[in-house]
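Here is how the chains run, residue by residue.
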Amino acid sequence: MEQLRTFGRELAMGSQGGFYQSKEFLDLVKSIGEARSKAEEDRIVVNEIDTLKRRIAEPDIPKRKMKEYIIRLVYIEMLGHDASFGYIHAVKMTHDDSLLVKRTGYLAVTLFLNEEHDLIILIVNTIQKDLKSDNYLVVCAALNAVCKLINEETIPAVLPQVVELLAHPKEAVRKKAIMALHCFYQKSPSSVSHLISNFRKRLCDNDPGVMGATLCPLFDLITRDVNSYKDLVISFVSILKQVTERRLSKAYDYHQMPAPFIQIKLLKILALLGSGDKQASENMYTVVGDVFRKCDFSSNIGNAVLYECICCVSSIYPNPKLLDSAADIISRFLKSDSHNLKYMGIDALGRLIKISPEIAEQHQLAVIDCLEDPDDTLKRKTFELLYKMTKSTNVEVIVDRMIDYMISINDNHYKTEIASRCVELAEQFAPSNQWFIQAMNKVFEHTGDLVNIKVAHNLMRLIAEGFGEDDDNADSKLRSSAVESYLRILGEPKLPSGFLQVICWVLGEYGTADGMFCASDITGKLCDVAEAYSSDDTVKAYAVTALMKIYAFEIAAGREVDMLTECQSLMEELLASHSTDLQQRAYELQGVIGLDAHAVEFIMPSDASCEDIEVDKDLSFLDGYIQEAIEKGAQPYIPESERPGVLNMGNFRNQDHHESSHGLRFEAYELPKPAVQPRIPRALLPSTEIVPVPEPVYPRETYQTPVTPIPSNPSDAGSAELKLRLDGVQKKWGRPTYTPETSTSNSTSQKTVNGAAQVDGPSTVNSTRETYASRKLQVEISHEKQKLAASLFGGSSKPEKRPATGHKVSKASSHMLEKSHVPNSSMEVASEKTAPAQTPPDLLDLGEPTSTSTAPSLDPFKQLEVLLDATQDASAANSATSASRSPDVMALYADTPVGIHNKDEADLLSGMSNMSGATARPQPTKGSSKGPNPKDSLEKDSLVRQMGVKPSSQNPNLFKDLLG
Amino acid sequence: MIKAVMVMNTQGKTRLAKFYEYLPVEKQQELIRGVFAVLCSRAENVSNFIDAESIFGPDSRLVYKHFATLYFVFVFDSSENELAVLDLIQVFVETLDKCFQNVCELDIVFGYSKVHTILDEMIFGGQVVETSSSEIMKAIEEISKLEAASNAITLIPKSASGWRSR
């Protein structure tokens, strides 16, 4: 600014300009200014404090001198040093008669003290006296102190005086009195509740300054309670009208605008009052329109008023004409060169798109510009806007951008915020589960433990359940890709704890499920994790439980378990751990390893994390036993409350339960009701971390019955801290938000997404990802911004991400699927990816070209193998359907590949049997939905490995005793 | 409401700090340092607004203006308008300039109590009460006059009833 050029003179000046300074003060400021280090500055200040301590205690200091000392104290404290030794002198100064000294005293105490300080008691009396002074400046100084120093208890001491001052002839005093009253209201609304009407009265004050000041408390009051002030709409509107018509004194003009600050405050108040109130809003339309017209775009303050108008328009009941003007202003803001105006424009756009979402599109390029601006503030504001306008069509671009930005910044606070936004958006709009997992991995990797642990739990849940559709093939693919990505990520140093927990859980649950990785690989990795993060007990606990699961699956599959040496040493360490939780887990693992295959399979069915575990609270299965016992002469059980001896206690507790805690509680916190253990340690149940979802999501969950006999209490297993309470967590992924609009993807696959088309999850996902990737490439080459804009704003150009339907239909027809499945299965296997049973035949044709291109993990050779084997699979599936629970069937085709020693072939076979497992999966009659097939393949795998073919096992010696 | 007003020079030396919610001295220093760290990392020709939530907690924004060797910083919550606060800084500085005639950094150091007086006229208990530079000047001049008078005549006539009898 022109008028401030002279700031540059800085230290050149000496005598002039100083008001009350002495040579000493000047020297102090100078030497501090010249200090080259913080230490030097501190030394100077400490010297100064010593001097002041000495001087200030001297008797008979002239007032002028004293005043200067106090100012120096204030200065020192501003520099961050303790000046508390001088507080009492500042308090003393407030008692002085001289106005100058008194004002300095008040200034010092308002800066030094807070309302809880001990010295306040010495000031209240002075304040009371000064509020009655006939010198209005003394009154003003006292009012100033009232605001800062009076607390709830001392309000009554000064309240009467302050109320009297509301009618003071001096407007400066009235203004401050009203603000003091407002301060009281903020500190303790009840103490001034009877005086609220004063605020309304002061609104009619003759002085515009007082009126303007009154708007502050009124704004506050209206924010808290809109409805009681609806009657003031007319008054506010008329005040605003008068202001815009320049009825106020010229003194309030600022840059040729009539009282802009008052206009802004009024617009804010109107926005509150008109929000969702059509009648009130209609009163405002004219005046707001006037403000729009009369504002001048060239000045900063004019734009401030315009911005406030937009806020008001977007808050009140919408009016098309005003919305148009608002949109005009926004485009003017966004086109401006000023970053400030761009910022305001983005903010205003964010407000307006709530009402008219279509206006975002015309500003897309400007928004992209802002997103790429070097100005961080603007960038963040733009991210906020993008966050508001995220849809399923643009979520990938937005979240990718957010993650990139998140990685680039250091500010932890903002990192957390943007991470949680990413998570929120991804959960809400995720186009595919693969994408979701990748996005979450990135977020976890880079923000670490800043994100809420709940997110980790949601991620595990997603991996366990997929999108809740019946497409088990897709689910297992998702899991495989998750496992694969996690094994890769584990190579990175220093992963955050929450993420490691997810990794361990997923590896434990699904690490060996698809046969791609053998147990020793996974367990080795898990041991590495436990070792590398040995200070983190939670991660270790997850790792141990994961180990236990893997070994259990191995045992259940009938293979011998060979613990790696590192794993054994880990166990030894944990068996003696100080953490009882870890110890328990280690013992459980030991216990599981000692059990036979049948028992293990019973207590740890594979992929049972989604199963409901029913807890028989009445323990009815023990009835027979009890009956027997009673017949033999045992005493029947009397509930505690009915026992005479413990009557009191029982009463107390009952009371406690009914009326919420009157009286004393004699008992400790309620324990979860202990479940009866049949013969197996209850904590051995698989994945009890996940408390099951209440409603059965899958048709395969009809297979709950075999599980239920194990009365496990989920809350009892494992340690309390590790429990994942996912029930009640809303399922957010995708579906509800997707409009089932026909996808016009640019690839060859014109998939009709009708209800029956159960288009295979991964293939769609892959193709869309592909289109996304290719588009992205394009974007980078030409007109980068326009493309980005198109992906952000142009929803229609983008293919809809997921076939949104299918889920319900398939659910409904799942029983039908079961029947129609078998005859079709060979076809399925042949086309490998196309929809099962109820798919219309023409879809098969369409599906084929994509499937070949989009099934990266399976090569054609394998498909061929599968084809060859298809008949066998079909028959296997057939027999599987007929046999309700069929370990024999499992054995039937588990036997076939055993003899094969060639590694490649074994892999192929495992892939194949995996697929056959996939095809057989939707049969609800099978034991668990995943059936024995993955296990089967595991078995083959491990057998081959145990024969020493695969060199990956670090310790071939281990196999010696096995082989013989 | 306004949460804090700070004036600091480009070397990070505080020239004025006023917090409208009580904070212990150490906390104040921490905030000032935090603000300065952000300010000096800002490029030229960017916006005057900073998201201050990482420094001042939720719902806080920061507007600053750079004059010669000084940063003027206002911290406030969502009930204020950023652009308007920018102009409020302008009003403050204009008033300082009128008051000190070609204000410079040292004026603010030495005219410490006067700067506070100006600020108190503008912002009272965190609320903006006066936005007219000339009104503020009028009040300041009157204060100066009366202060000078009270210094000359050491005894102010003290009638107990005073204005209330009128």
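Since we're looking at a predicted model, the values are computed, not measured.

This paragraph deals with the overall build of chain A. Summing up its helical and strand segments, chain A has 43 helices and two strands in all. Expressed as a percentage of contacts within chain A between residues at least 6 apart in sequence, the contacts between residues at least 24 apart total 71%.

Before going further, it helps to spend a moment on the packing of helix α15 (residues 300-315) of chain A against helix α17 (residues 339-352) of chain A. Residue and element names in this part refer to chain A. Put simply, α15 and α17 touch, their axes get as near as 9 Å, and they point 10° apart. One way to sum up the angle between α15 and α17 is to call them roughly parallel. In this structure, α15 uses N303, Y307, I310, C311 and S314 to contact α17, whose residues at the interface are L341, M344, D347, A348, R351 and L352. When its residues are assigned to classes, the contact of α15 with α17 shows seven nonpolar, two polar and two charged.

With that settled, the discussion passes to helix α27 (residues 519-532) of chain A. All names here are of chain A. For α27, spanning 14 residues, the distance from its first C-alpha to its last is 20 Å, which sits close to the expected 20 Å at 1.5 Å a residue. Those residues of α27 that sit buried are A519, S520, I522, T523, G524, L526, C527, V529 and A530. Those residues of α27 that are buried are in contact with α25 (472-489), α26 (497-510), α28 (537-556) and α29 (565-575).

Tallying the contact residues gives 83 residues for chain B and 94 residues for chain A. The partner of K265 of chain A in a salt bridge is E80 of chain B, with the nearest N and O atoms 3.9 Å apart. The interface formed by chain B and chain A contains 22 residue pairs in polar contact (both at pLDDT 80 or more). Among the elements that take part in the side of chain B that touches chain A, helix α3 (residues 82-100) of chain B stands out by supplying twelve residues, more than any other.

For the rest of this paragraph, the subject is the pairing of strand β2 (residues 14-19) of chain B. Residues and elements named next belong to chain B. For β2, the tally of buried residues reaches six of six residues, placing the bulk of the element in the interior. The pairing of strand β1 (residues 2-9) with β2 spans five bridges and is antiparallel. Looking across to β2, one finds that V7 is bridged to L16. Counting the residues in the hairpin turn of β1 and β2 gives four residues, including G12, whose phi is positive at 90°.

Below, the discussion takes up the environment of I49 of chain A. Residue and element names in this part refer to chain A. Among the secondary structure elements, I49 is positioned in helix α2 (residues 38-56). In this structure I49 comes out as buried when scored by relative accessible area, which is 11%. C-alpha separation for the pair I49 and I76, spaced 27 residues apart in sequence, amounts to 8.0 Å. If we ignore the near neighbours within four places in the chain, the residues touching I49 are I76, H81, D82 and F85.

All names here are of chain B. Among the seven residues in strand β5 (residues 70-76), seven count as buried, and that is most of the element. Residues of β5 alternate between two faces, with L70, F72, F74 and F76 on one and Y71, V73 and V75 on the opposite face, all of them buried. When β1 meets β5, the two strands line up antiparallel, connected through seven bridges. Across the sheet, the residue bridging to A4 is V75, located in β5. Inspection of the sheet shows strand β4 (residues 61-67) paired to β5 by seven bridges, in the antiparallel sense. The partner of F67 across the bridge, within β5, is L70. Between β4 and β5, which pair antiparallel and follow one another directly, the connecting turn spans two residues, one of which, A68, has a positive phi of 45°.

Basis of the calculations
Residues numbered from 1 in each chain as written. Chains lettered and ligands numbered in written order. Predicted model: local features only at pLDDT ≥ 70, side-chain atom pairs only at ≥ 80, totals over all residues. Heavy atoms only, no water. Helix = DSSP H or I, 4+ residues; strand = E, 2+ residues; numbered from the N terminus. Contact = heavy atoms within 4.5 Å. Axes fitted to C-alpha atoms, helices over the stretch in contact; angles between N-to-C directions. Parallel < 35°, antiparallel > 145°, perpendicular 65-115°, else oblique. Nonpolar A, V, L, I, M, F, W, Y, C, P; charged D, E, K, R; others polar. Expected span 1.5 Å × (residues − 1). Buried < 20%, exposed > 50% of the residue type's maximum accessible area, 1.4 Å probe, protein only. Salt bridge = Lys/Arg side-chain N within 4 Å of Asp/Glu carboxyl O. Polar contact = N/O pair within 3.5 Å; in protein donor to acceptor, adjacent residues only side chain to side chain. Pairing = 2+ DSSP bridges.

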